[in-house]
Amino acid sequence: MSDTDHDPDQYTIGQLAKAAGVGVETIRYYQRRDLLPVPEVATGFRTYPAKLVERIRFIKRAQELGFSLDEIANLLMLEDSNDKQAIRDVAQERLTQVQAKLTDLHRMEAMLTGLIQQCASSEQLAQCPIIQALASSKPTDGKACHSQGL
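Residues numbered from 1 in each chain as written. Predicted model: local features only at pLDDT ≥ 70, side-chain atom pairs only at ≥ 80, totals over all residues. Heavy atoms only, no water.

**With respect to the overall build of the chain**
Thinking step 1. Along the backbone of the chain there are 7 helices and 4 strands.
Thinking step 2. Beginning at the N terminus, the succession of helices and strands in the chain can be written as β-α-α-β-β-β-α-α-α-α-α.
Thinking step 3. The buried share among the 150 residues of the chain stands at 25%.
Thinking step 4. Of the contacts formed within the chain by residues at least 6 apart in sequence, a portion of 50% connects residues at least 24 apart.
Thinking step 5. Surface exposure of the chain reaches about 10,500 Å², of which carbon and sulfur atoms provide 55%. (Helix = DSSP H or I, 4+ residues; strand = E, 2+ residues; numbered from the N terminus. Buried < 20%, exposed > 50% of the residue type's maximum accessible area, 1.4 Å probe, protein only. Contact = heavy atoms within 4.5 Å. Areas by Shrake-Rupley, 256 points an atom, 1.4 Å probe, with all protein chains shown as cover.)

See the structure below:
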């Protein structure tokens, strides 16, 4: 089949990859992970339905939100079964994970800010407070830093 007699609803793997903005190897990887179907060979080569472009874009967007490929496979399965409550539950779990990471990031931000400020105000000949805190055998959680004036 040449480009001139191309079925607009069917793509080769290269055309599908280009339309979805991914590489051919990404499509093959998604197939190995059972996120995308492997079409039967028809007329000498495999063709993919155009609707897979949306599925690939969904996978990429879900990855950008931090969903693992296993979680994405679960979402796709739930979407096929139209189980909206289960989909919300998966999204809520992801949101909880994101919120926990944000809490950790804010704690790290406060610790680093304190260390940088302490370093800026310490005497030149004294050991750098940043190096001292990082080399310490004490855990450097937010409470320890704040109790040390960091």
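**A word on a nonpolar patch on the surface**
Thinking step 1. A surface patch of nonpolar side chains, about 260 Å² in accessible area, is lined by Leu102, Leu105 and Met108.
Thinking step 2. In this fold, Leu102 is placed in helix α5 (residues 84-121). (Patch = residues over 30% accessible without salt bridge, like charges linked within 9 Å, V, L, I, M, F, W, Y side chains within 5 Å. Salt bridge = Lys/Arg side-chain N within 4 Å of Asp/Glu carboxyl O.)

**So, the packing of helix α4 (residues 69-81) against α5**
Thinking step 1. Across the interface, α4 lies against α5 with an axial gap of 9 Å and an inter-helix angle of 155 degrees. Judged by the angle between their axes, α4 and α5 are roughly antiparallel. The handedness of the crossing between α4 and α5 comes out as left-handed. The residues of α5 that touch α4, namely those facing Glu71, Asn74, Leu75, Leu78 and Glu79, are Ala86, Ile87, Val90 and Gln97.
Thinking step 2. Classifying every residue of the contact of α4 with α5 gives 5 nonpolar, 2 polar and 2 charged. (Axes fitted to C-alpha atoms, helices over the stretch in contact; angles between N-to-C directions. Parallel < 35°, antiparallel > 145°, perpendicular 65-115°, else oblique. Left-handed = near helix turned anticlockwise from the far one by under 90°. Nonpolar A, V, L, I, M, F, W, Y, C, P; charged D, E, K, R; others polar.)

**Here's the deal with the side chain of Arg94**
Thinking step 1. One can find Arg94 in helix α5.
Thinking step 2. Setting aside anything within four residues of it in sequence, one finds Arg94 in contact with Leu65, Gly66, Phe67 and Lys101.

**Focus on α5**
Thinking step 1. With 38 residues, α5 should cover 56 Å at 1.5 Å per step; its first-to-last C-alpha distance of 55 Å lies within 8% of that length.
Thinking step 2. Every buried residue belonging to α5 is among Ala86, Val90, Arg94, Met111, Gly114 and Leu115, and all of these are buried. (Expected span 1.5 Å × (residues − 1).)

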